[in-house]
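A structural walkthrough
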Amino acid sequence: MAGGMWGRPRGAPVGALTLTALAEGIRARQGQPPGPPSTSPQPESELESEVEPQRAAASPTAGSEPFSRPPAQEPAPAIPHQTPQSSWEDGALEDLALYAAACLEDAGFAGTQATALTLSSVLEAQGEQLEDQVRGLVRGLLAQVPGLAEGRRRRAVLRVLSALALEHPRDVVCALLPCSLRPDGAAAELWRSLSRNQRVNGQVLVQLLWALKGTAGPQPEALAATRALREMLAVSGCVGATRGFYPHLLLVLVTQLHEMARGTCSPDTPKVWAPSYQGPPHSHASCTVEALKALLTGDGSRMVVTCMEQAGGWRRLVGAHTHLEGVLLLASAMVAHADHHLRGLFADLLPRLHSTDDAQRLTAMAFFTGLLQSQPTARLLREEVILKRLCTWQGNPEPTVRWLGLLGLGHLALNRRKVRHMSTLLPALLGTLGEGDTRLVGTALGVLRRVLLRPQAPVRLLSAELGPRLPPLLDDARDSVRASAVGLLGTLVRRARGRLWVGPRGPLRKLVLQSLVPLLLRLHDPSRDTAESSEWTLARCDQALRWGLLEEMVAVAHYNSPEALSQICQRLVQWYPSHVPSFLSQTQGYLRSPQDRLRRAAAVLIGFLVHHSSLSCINQDLLDSLFQDLGQLQSDPEPSVVAAAQVSCQQVALLARTQHCPHCWRLLGLLRLPHLGQHHAHPAQLPPVYEDSPFQHWSLAGHWDCSGPG
């Protein structure tokens with residue numbers, strides 16, 4: 001169409017002069033005074049001879065198609081009065097836009113300016129609201145773009161759109177947004193065209209930002225604005241137009257992800273995402289993530305995108321329960337690789353911390369917490385103000401807020417080489433260890449470990465404070481908490497190695513011996529992280545207390561070697577005879593574990609400890625209790641547990657026989673265990689023999705596809 005009837009007539013003048021004449025002709029038809037003078041620098045006397053032919057060429061005749069070239073002998077001013085108003089309906093504005101584009105084929109910058117003036121004059125002449133007319137004109141351009149071949153005419157149409165956006169950016173954006181809800185290549189091309197125009201792209205981006213953050217707007221409008229932003233930000237150089245509102249745009253996109261993540265769990269989600277909105281919620285989330293990536297990449301922060309991809313940050317950002325973790329990862333990546341935006345982000349976050357909208361407030365709190373890792377950024381506020389805010393969060397009834405406050409305290413205390421604010425940090429960390437929220441306890445353990453790794457860490461103080469608090473966490477039902485607690489103990493022992501508090505009377509030595517049985521049994525933990533952490537911690541204990549049992553511990557950890565476990569028990573009984581009753585009592589508690597592998601491991605450990613013990617170490621009541629609990633395992637549903645309990649019962653009976661315990665012998669007969677002859681005078685003559693464990697171990701040989709020892 002653009003190359004046919006709506007093309008520029010041969011020999012007709014082009015550029016600002018033609019367009020100005022067109023505008024004056026339209027005003028004359030409406031009975032209005034002439035419009036503003038032409039933007040051409042030529043004098044009025046020189047223009048007079050050219051304006052009339054241009055009016056004749058541009059004005060429609062009464063009986064012909066619009067914008068056709070009238071006969072030369074007909075005076076142009078007399079004809080428009082015969083043209084009815086309805087001729088401007090049903091696509092007349094779109095035709096006008098195409099004609100203006102055709103006139104711009106040979107026009108330069110002055111022609112583009114004249115286009116904006118001409119089209120504005122036409123729209124005002126209709127006597128309707130200007131925004132409605134602009135939107136109709138943009139829709140007409142959008143409808144005609146797919147039919148135009150690549151070349152000067154297509155580029156001219158895009159310049160018309162840019163000229164309109166320069167004068168009416170809000171109306172142009174509002175007209176294009178509904179077309180962005182569906183996969184429309186023409187709409188995407190128009191957005192990219194606006195993005196390449198440096199005089200327009202900043203205004204358009206601001207309008208898209210307002211459309212995105214408007215709380216009163218419907219969800220489809222936010223999706224359309226996100227897709228438009230993705231198209232515009234993907235154009236090289238467009239991100240520079242966001243200078244001045246870059247932090248605001250970044251926070252709005254991240255907050256939108258939070259709102260979508262929360263919305264996926266609400267019952268109203270199917271109502272919001274109707275089929276007409278082209279796809280499920282994850283399509284909106286993916287658009288937002290792509291817009292974020294384009295924003296960061298266009299600003300030269302490609303490393304932030306890479307770090308997020310490696311750490312799984314983008315996946316966490318769109319998760320309903322992991323969004324704030326993704327925000328923390330994004331803040332950490334920006335602290336490391338995009339510090340030039342931290343001040344602007346920090347300043348933009350402060351008012352959001354008091355927002356009544358949960359998604360906006362929690363996202364801002366997570367960003368605020370993450371940015372405290374940057375020492376220059378944290379200096380923007382007085383530390384007393386930050387500490388007061390974080391302590392207030394600690395008293396909040398919402399676990400998520402307390403979690404962010406605890407993380408913030410850790411970042412603030414550790415953002416320099418030396419640990420600071422210990423009088424505030426340590427009580428908060430120790431008090432959190434008894435919380436029921438997994439994130440809170442895991443965060444407290446992680447911050448304590450980071451504190452221990454710093455120079456001049458208060459190792460003696462932490463050894464005394466963690467003594468009564470850490471052992472219960474070694475048997476916590478939550479896998480992540482259990483693994484973190486075991487790792488913290490290993491870090492504590494490593495930092496205290498060679499110091500006085502690991503000596504015979506030191507508090508850390510007592511903590512290690514109290515934790516020894518859980519560490520040995522957790523080598524068989526169903527959680528791989530806990531099993532590997534237990535092995536690492538036992539190696540640190542062996543090094544600190546100079547046991548020389550590292551090889552045996554590795555054999556137990558990876559090959560479930562009963563011979564190695566027997567040697568470990570023999571040394572422990574020999575070195576710590578006064579702790580043998582405590583070792584046995586702790587192991588006895590694991591006989592009631594819901595995990596089959598732990599019940600079997602506890603039964604085996606009891607057998608070896610009893611085998612290497614003497615009567616002076618174990619009293620009669622403990623022997624009776626052990627024998628009863630081992631006897632109850634005879635009805636265990638796991639056959640390997642039953643077999644191990646039978647062997648350990650024999651060891652308890654052998655030791656009890658030397659004390660003439662009739663109760664144990666009676667139980668031995670009731671359990672129908674093998675008869676022990678009188679010639680077995682000492683337990684050492686009957687070493688326990690256990691069947692191979694049927695449970696798979698986390699062996700390093702399996703990591704490398706290597707077979708175990710033959």
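Quantities reported herein were computed from a predicted structural model and do not represent experimental measurements.

About the thresholds
- Residues numbered from 1 in each chain as written.
- Predicted model: local features only at pLDDT ≥ 70, side-chain atom pairs only at ≥ 80, totals over all residues.
- Heavy atoms only, no water.
- Helix = DSSP H or I, 4+ residues; strand = E, 2+ residues; numbered from the N terminus.
- Buried < 20%, exposed > 50% of the residue type's maximum accessible area, 1.4 Å probe, protein only.
- Contact = heavy atoms within 4.5 Å.
- Areas by Shrake-Rupley, 256 points an atom, 1.4 Å probe, with all protein chains shown as cover.
- Axes fitted to C-alpha atoms, helices over the stretch in contact; angles between N-to-C directions.
- Left-handed = near helix turned anticlockwise from the far one by under 90°.
- Nonpolar A, V, L, I, M, F, W, Y, C, P; charged D, E, K, R; others polar.
- Salt bridge = Lys/Arg side-chain N within 4 Å of Asp/Glu carboxyl O.
- Expected span 1.5 Å × (residues − 1).
- Polar contact = N/O pair within 3.5 Å; in protein donor to acceptor, adjacent residues only side chain to side chain.
- Parallel < 35°, antiparallel > 145°, perpendicular 65-115°, else oblique.
- Phe/Tyr/Trp six-rings, centres within 6.5 Å; stacked < 30°, edge-to-face > 60°.
- Lys NZ or Arg CZ within 6 Å of the ring centre and 35° of its normal.
- pLDDT = per-residue confidence, 0-100.

1. Thoughts on the overall build of the protein
Regarding its fold elements, the protein presents 36 helices and zero strands. For the protein, the proportion of its 710 residues judged to be buried stands at 54%. Taking contacts inside the protein between residues at least 6 apart in sequence as the whole, the part at least 24 apart equals 70%. Counting only carbon and sulfur atoms, one obtains 52% of the accessible surface of the protein, whose full area is about 31,700 Å².

2. Observations regarding the side chain of Thr491
Examined against the element boundaries, Thr491 turns out to sit in helix H26 (residues 479-495). Taking the relative accessible area as the measure of exposure, Thr491 reaches 2% and is therefore buried. The residues touching Thr491, leaving out its near neighbours within four places in the chain, are Arg449, Leu452, Leu453 and Trp536.

3. Looking at the packing of helix H11 (residues 246-263) against helix H17 (residues 342-349)
Remark: H11 packs on H17, axes separated minimally by 9 Å, with the N-to-C direction vectors making an angle of 60 degrees. In this structure, H11 meets H17 at a crossing whose hand is right-handed. Here Pro247, His248, Leu250 and Leu251 of H11 lie close against H17, whose contacting residues are Gly344, Leu345, Asp348 and Leu349. Per-class residue counts for the contact of H11 with H17 are five nonpolar, two polar and one charged.

4. Re the pattern of salt bridges
Tallying each qualifying case throughout the model produces 19 salt bridges. The salt bridge involving Asp358 is made with Arg262; its shortest N-O contact spans 3.7 Å. One end of the pair, Asp358, is in helix H18 (residues 358-371); the other, Arg262, is in helix H11, and 96 residues separate them in sequence. A relative accessible area of 33% means that Asp358 is categorised as partly exposed. Residues participating in the shared-partner salt-bridge network are Asp475, Asp479, Arg482, Arg522 and Asp525.

5. Focus on H26
If you check H26, its first and last C-alpha atoms are 25 Å apart, about what 17 residues at 1.5 Å a residue would give, namely 24 Å. Buried residues dominate H26, accounting for twelve of its 17 residues. Looking at H26, one finds that the buried residues are Val481, Arg482, Ala483, Ala485, Val486, Gly487, Leu488, Leu489, Gly490, Thr491, Leu492 and Val493. Taken together, the buried residues of H26 touch helix H23 (438-453), helix H24 (459-466), helix H25 (470-474), helix H27 (507-521) and helix H28 (528-545).

6. Overview of the environment of Ala175
If you trace the backbone, Ala175 turns up in helix H7 (residues 169-176). The spacing of Ala175 and Val138 is 37 residues in sequence and 6.4 Å in space, taken between C-alpha atoms. Setting aside residues no more than four positions away along its own chain, Ala175 makes contact with Arg135, Val138 and Arg139.

7. Describing the environment of Gln394
On the secondary structure map, Gln394 appears in helix H20 (residues 383-394). As a C-alpha pair, Gln394 and Ala428 span 34 residues in sequence and 7.9 Å in three-dimensional space. Setting aside anything within four residues of it in sequence, one finds Gln394 in contact with Arg402, Gly405, Leu406, Leu409, Ala428 and Thr432. Separated by 2.9 Å, the side chain of Gln394 and the backbone oxygen of Arg402 make a polar contact.

8. So, the packing of H17 against H18
Running from N to C, H17 and H18 point in directions that differ by 140 degrees, and their axes come no closer than 10 Å. Here H17 lies oblique to H18, going by the angle between them. The handedness of the crossing between H17 and H18 is left-handed. Contacts between H17 and H18 pair Leu342, Leu345, Phe346 and Leu349 from the former with Ala364, Phe367, Phe368 and Leu371 from the latter.

9. Overview of the packing of aromatic side chains
The description of an aromatic ring pair uses the distance of the two centres, along with the angle that the planes make with each other. All told, the structure shown has three aromatic pairs when counted by the stated rule. On the numbers, 5.3 Å between centres and 25 degrees between planes, the contact of Phe346 with Phe368 is stacked. Highlighted residues: Phe346 in helix H17 and Phe368 in helix H18, separated in sequence by 22 residues. Just as Phe346 is buried, Phe368 falls in that class too. Between Phe368 and Trp393, the aromatic rings sit 5.8 Å apart at their centres with planes inclined by 65 degrees, giving edge-to-face as the arrangement. With Phe368 in helix H18 and Trp393 in helix H20, this residue pair connects regions lying 25 residues apart in the sequence. We note that Phe368, like Trp393, is buried. Through a chain of ring-to-ring contacts, three or more aromatic side chains come together here, namely Phe346, Phe368 and Trp393. Residue placement shows Arg389 over the ring face of Phe368; its charged tip is 5.8 Å from the ring centre. The residue whose ring lies beneath Arg439 is Trp403, and the NZ or CZ to ring-centre distance is 4.1 Å.

10. Looking at unusual backbone geometry
With a phi angle near 55 degrees, Arg546 is a residue other than glycine that sits in the positive phi range. Of note, Arg546 is situated in the loop between H28 and helix H29 (550-559). Phi at Asn560 is positive, roughly 50 degrees, even though this residue is not glycine. Within the secondary structure, Asn560 sits in the loop between H29 and helix H30 (562-575). Its relative accessible area of 18% is what places Asn560 among the buried residues.

11. Notes on helix H32 (residues 596-612)
With 17 residues, H32 extends 25 Å between its outermost C-alpha atoms, agreeing within 8% with the 24 Å of an ideal straight helix rising 1.5 Å per residue. Across the 17 residues of H32, 15 count as buried, placing the element largely inside the fold.

12. Looking at the confidence of the model for the protein
Per-residue confidence for the protein gives a mean pLDDT of 76, with 69% of residues at or over 70. Throughout residues 34-90 the model reports pLDDT below 50, and contacts reaching past four residues in sequence, or to other chains, amount to 69 contacts.

13. Structural notes on the side chain of His341
Residue placement: His341 occurs in the loop between helix H16 (323-337) and H17. Here His341 falls in the buried class, since its relative accessible area comes to 12%. Residues in contact with His341, not counting those within four places in the same chain, are Tyr246, Asp299 and Met334.

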